[in-house]
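# Coordinate inspection notes
What follows is each chain in one-letter form.
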Amino acid sequence: MAKDLVNTLADLKEKEALGIVQERLSAGEDPLRILDDARRGVEIVGKRFSDEEYFIPDLVYSGEILKQITDMVKPKLTKAAEVKRLGKVIVGTVAGDIHDIGKDIVVFMLDVNGFEVFDLGIDVPVQKFVDKIKETGSGVVGLSGFLTLAFQSMKDTVGAIEKAGLRNEVKIMIGGGQIDDQVRSFTGADAYGKDAMDAVKLAKGWIGG
Amino acid sequence: MEKKWQEMTADEKQEAQFQKLLSPKLPDGKDLPFQSPEAEANYKAAITRIKDAIQLKKTPDRVPVTILPSMFPFTHAGMTVQEAMYDYDRCALAFKKFILEFKPDMHIGAAAPGPGKFFEILDYKLYSWPGHGVAPEHSYQCNEGEYMKAEEYDLLLMDPSFFFRNFYLPRVFGALQGFQMLPPLTGILEMYGVAFNFIPYALPPVQATYKALFEAGAEALKWAMVMGGSNGELASLGFPNILGGFTKAPFDTIGDTLRGTKGIIMDMYRQPDKLLQALEAITPIMIGMGLGAAQQTGNPLIFIPLHKGADSFLSDAQFKKFYWPTLKQVMLGLIEGGCIPFPALEGHWGSRLKVIQDIPKGKTVWMVDQTDMVKAKETLGKNACLIGNVSSSMLNLGTPDDVKAYCKKLIDTAGKGGGFIMGNGAFFDEAKPENVKAMSDFTKEYGVYK
């Protein structure tokens, strides 16, 4: 059996990967190292997605494997995992829109790529974004939306951030089914991304890493 | 002597469907009276134009125009979506105003909002709608979930109708809990034992479920009468609705509302054989759904919204293994039955064009959202009529000049030689009316084939 968790996970071999984790836990290995390997495996998944070698199902499946690994490792953690984070990102589906699949994939990819993500969920009122920026000092905000109604909600959200005097403190990215550069310009966002890895690239470009 | 329907070829069936559309009837079988000779001429010219665009045999007189909105006609009339869902007469009136203002060659009727009270009676949980989870001015939206569990494939495979009635429906309709208590219908066989099958119908939860069904049926009929009347009136004014109904790609049937997006993704890796079996099993059901709807409405166009086959949703190998074979079977089955499959390529489908172009020529019409129309024309467009693809963002945020410039490009490329219908790429709730008008008016002027 291959012992290389990073590549086993990157190749989406679910049973093998879980087997390796079990063995390493039984051997008393530091759970944080196991988690870090798993995270690196998923990072490769993200890279393969960017290279169009992998697709959305692969991302979702890797997330599911990672979740199982995390569940296995968690009870063995003696102290809270202190992972060094690249920066903070706030993500949410804008007011009026309750779609979450795209948003969830973005949250997941930002997370495994080293960002501390604050997921505000769906149908998020504009004030909640403003409050969260104030509370966390987050430098990047990602607005998700699938419907045409989201165009206005995104514009309203960007407007509220501006009105709160926070516009210069944050970079704002948007994404979703009908989003293009015309929508970006309408909303006043800084950039739009066509998929989750675009979100990672944008966030890395803005807050380093 | 005329050939019997069963003896006709697919070609002859399609031709017969168009001939039937050219002489529209009232529900009682009499000829539909047009409101003016001009209306009759417009109606027949529109049908002929669309027929030519779809069949790819001759170039139409001009590029036909369609507008495929979701809630735009109602918001444009100053109504909330909630009002359109609950006041059927106002809904139909707003839709008539929309048609008379933008004058498309083809429309799909006022049914998009659906009957709000009907959903309430059944306590529908699969969607949130105005007043039930979304704001009055917003459209209904689907609540993703695993309404079929990973371990339930065998149940679905054994008897899809039993699975739907006893498991799926009670999960998505709060008022249909009583269905869980019903035995399979296939146990009703002979004198001995037959009565046992009927005992559950005496139980209060089952009776409550049936009471809800009767109420829901009455409400659906009330709504359908208004929608039918609206279609008839618009036809008499010269504006045909040739939509016959809808069905789905088997992969989307399982992925959208049964297993959900995440569920079906897991199944592709963890139990691919079961998934493939289920896709095969529901394929004839999806064909029957389209054929049945066409028979009920008398219209041949069967809408198939395509979701989870879009570019990044599946790898090429996954698309060819899980998505395309059964979708193709559904389309072939519909064509065989004299219907015209009307799939909508929602999102981006550029990477699929070479695969999906493998369909019988002149038998389908595809709504194209964000796929490059020039590339679509070069591939899929060789065998099929394309509708599209003025974007939601342009209709919503652009200017009439932007729209005209884009339509010109579309007519010059996708419209070349026929096989093209001008229209929006994705169903839309919001748009600037002047942009919608520009799309229609400009096409009628510039889109004339010389």
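Residues numbered from 1 in each chain as written. Chains lettered and ligands numbered in written order. Predicted model: local features only at pLDDT ≥ 70, side-chain atom pairs only at ≥ 80, totals over all residues. Heavy atoms only, no water.

## A short note on the overall build of chain B
As a reminder of what qualifies: Per the convention used, a helix needs a DSSP run of H or I reaching at least four residues, while a strand needs a run of E reaching at least two, with both numbered from the N terminus. C-alpha atoms define the radius of gyration in this analysis, and the globule rule sets the expected value at 2.2 Å times the number of residues to the power 0.38. A simple rule labels every residue: compare its accessible area, found with a 1.4 Å probe on the protein chains alone, to the largest value its type can have, and call it buried under 20%, exposed over 50%, or partly exposed in between. Whether two residues touch is decided by their heavy atoms; if any such pair falls within 4.5 Å, the residues are in contact. Working definition of accessibility: Shrake-Rupley area with a 1.4 Å probe, residue cover restricted to the visible protein chains.
The number of helices and strands found in chain B is 18 helices and nine strands. Against the globule reference of 22 Å for 450 residues, chain B gives a C-alpha radius of gyration of 23 Å, in line with a compact fold. Expressed as lengths along the three principal axes of its C-alpha atoms, the size of chain B is roughly 75 × 55 × 50 Å. With 450 residues in all, chain B has 54% of them scored as buried. Pairs at least 24 residues apart make up 73% of the contacts formed inside chain B by residues separated by at least 6 positions. Surface accessibility of chain B: about 18,900 Å² in total, with carbon and sulfur atoms responsible for 60%.

## Re the interface of chain B and chain A
Test applied: Two parts placed together each lose some accessible area under a 1.4 Å probe, and adding up what both lose gives the buried area. A side-chain nitrogen of Lys or Arg and a carboxyl oxygen of Asp or Glu constitute a salt bridge if their distance falls within 4 Å.
Taken together, the contacts link 33 residues of chain B with 25 residues of chain A. For the chain B and chain A pair, buried surface summed over both sides reaches about 2,500 Å², with 59% attributable to carbon and sulfur atoms. On the chain B side of the interface with chain A, the three residues burying the most area are Q141, Y269 and L397 of chain B, jointly 24% of the side's total. Joining chain B to chain A, the criterion identifies two salt bridges. For R270 of chain B, the salt bridge goes to E14 of chain A, with nearest N and O atoms at 2.5 Å.

## Examining the environment of H138 of chain B
In this structure, H138 of chain B sits in the loop between β2 (133-134) and β3 (141-142). Beyond its immediate sequence surroundings of up to four residues, H138 of chain B is in contact with G96 and L149 of chain A together with V81 and P130 of chain B.

## What to know about the sheet that holds strand β4 (residues 243-246) of chain B
Adjacent strands of a sheet form backbone hydrogen bonds with each other and so pair up, either parallel or antiparallel. Residue and element names in this part refer to chain B. To keep it simple, the criterion reads: We call two strands paired when DSSP finds no fewer than two bridges between them. In this analysis an axis means a line fitted to C-alpha atoms, helices contributing only their contacting stretch, and an angle means the value between N-to-C directions, from 0 to 180 degrees.
Pairing within the open sheet is parallel, and its six strands lie in the order β4-β5-β6-β7-β8-β9. In the strand order of this sheet, the two ends are held by β4 and β9 (420-424), each with one partner. The mean inter-strand angle of the sheet, taken between neighbouring strand axes irrespective of direction, is 25 degrees. Here strand β8 (residues 385-390) runs beside β9; their pairing, made up of five bridges, is parallel. Looking at the pairing, I387 lines up with I421 of β9.

## Section: empty space enclosed by the protein
All names here are of chain B. The following threshold applies: Grid points spaced at 1 Å over the protein atoms alone were grouped into cavities, where a 1.4 Å probe fits but cannot get out, and pockets, open sets with protein on both sides within 12 Å along at least five of seven lines, with lining residues defined by an atom within 4 Å of a point. Grid points are joined across faces, edges and corners, and a volume is the space filled by probe spheres set on the points.
Tallied over the full model, the rule gives one cavity of 30 Å³ or more. Its boundaries defined by the atoms lining it, the largest cavity holds a volume of some 40 Å³. Every residue lining the largest cavity is listed: F251, T261, I264, I265, M268, K308, F313 and L314. Here the lining of the largest cavity takes four residues from helix α11 (residues 260-270), the largest share from any one element.

## Some remarks on unusual backbone geometry
If a residue is not glycine, its phi is most likely negative; likewise, a peptide bond is most likely trans. Residues other than glycine seldom take positive phi values, yet L12 of chain A does so here, at roughly 60 degrees. Along the chain, L12 of chain A turns up in the loop between α1 (5-10) and α2 (14-26). The phi angle at D123 of chain B is positive, at roughly 50 degrees, despite the residue not being glycine. A residue is classified by how much of its surface remains accessible, and D123 of chain B, at 35% relative accessible area, is partly exposed.

## Brief notes about the layout of surface pockets
The line we're drawing: In this count, Pro and Cys sit with the nonpolar residues alongside Ala, Val, Leu, Ile, Met, Phe, Trp and Tyr, while Asp, Glu, Lys and Arg are called charged and the others, Gly among them, polar. Boundaries of every domain are those given by an automatic assignment or by a domain database.
Volume-wise, the second largest pocket comes out at about 1,100 Å³. Among the elements of the structure, α3 (31-50), α4 (56-73) and α5 (101-112) of chain A together with α11 of chain B are those that each provide at least two residues to the lining of the second largest pocket. Counting residues per element, the lining of the second largest pocket draws most heavily on α4 of chain A, which supplies eight residues. Counted by class, the lining of the second largest pocket contains 13 nonpolar, seven polar and 17 charged residues. For the lining of the second largest pocket, the two domains that each supply at least three residues are domain 1 (5-76) and domain 2 (87-207) of chain A.

## A look at the packing of aromatic side chains
Basically, it comes down to this: Stacked, tilted and edge-to-face pairs are distinguished by plane angle, under 30 degrees for stacked and over 60 for edge-to-face with tilted covering the rest, among Phe, Tyr and Trp rings (Trp via its six-membered ring) whose centres lie within 6.5 Å. Sitting over a ring, as applied to charges here, requires NZ of Lys or CZ of Arg to be within 6 Å of the ring centre and within 35 degrees of the ring normal.
A full pass over the atoms with the stated rule returns 29 aromatic pairs over all chains. With 6.3 Å between their ring centres and 70 degrees between their planes, F162 of chain B and F167 of chain B make a pair best called edge-to-face. Residue F162 of chain B is classed as buried on the basis of its relative accessible area of 16%. Residue F167 of chain B is classed as partly exposed on the basis of its relative accessible area of 25%. The structure contains a cluster of three or more aromatic residues connected by ring pairs, namely F118, F119, Y124, Y127, W129, Y140 and F173 of chain B. Residue placement shows K155 of chain A over the ring face of F186 of chain A; its charged tip is 4.6 Å from the ring centre.

## Regarding the pattern of salt bridges
Should their charged atoms come close, side chains of opposite charge can pair. Inspection of the entire model under this criterion finds 43 salt bridges over all chains. The closest approach of N and O atoms between E83 of chain B and R90 of chain B, which form a salt bridge, is 3.9 Å. According to the relative accessible area criterion, E83 of chain B is partly exposed, its value standing at 31%. Overlapping salt bridges bring together R24, E29, R33, D37 and R40 of chain A as one network.

## What about the state of the cysteines?
We count it as follows: Here, a disulfide means two cysteine sulfur atoms that sit within 2.5 Å of each other.
Per the counting criterion, the structure on display carries zero disulfides over all chains. Between C385 of chain B, a free cysteine, and C407 of chain B, which holds the nearest cysteine sulfur, the sulfur-to-sulfur gap is 15 Å.

## A few points about the domain arrangement of chain A
Residues and elements named next belong to chain A. As far as domains go, chain A holds domain 1 (5-76) and domain 2 (87-207). Summarising the inter-unit geometry, the C-alpha centres of domain 1 and domain 2 are found 27 Å apart. Across the contact, 13 residues belong to domain 1 and eight residues belong to domain 2. For the pair domain 1 and domain 2, the summed buried area comes to about 820 Å², and 79% of that belongs to carbon and sulfur atoms. Counting the surface domain 1 buries against domain 2, the share from its top three residues, E43, F49 and L59, is 41%.

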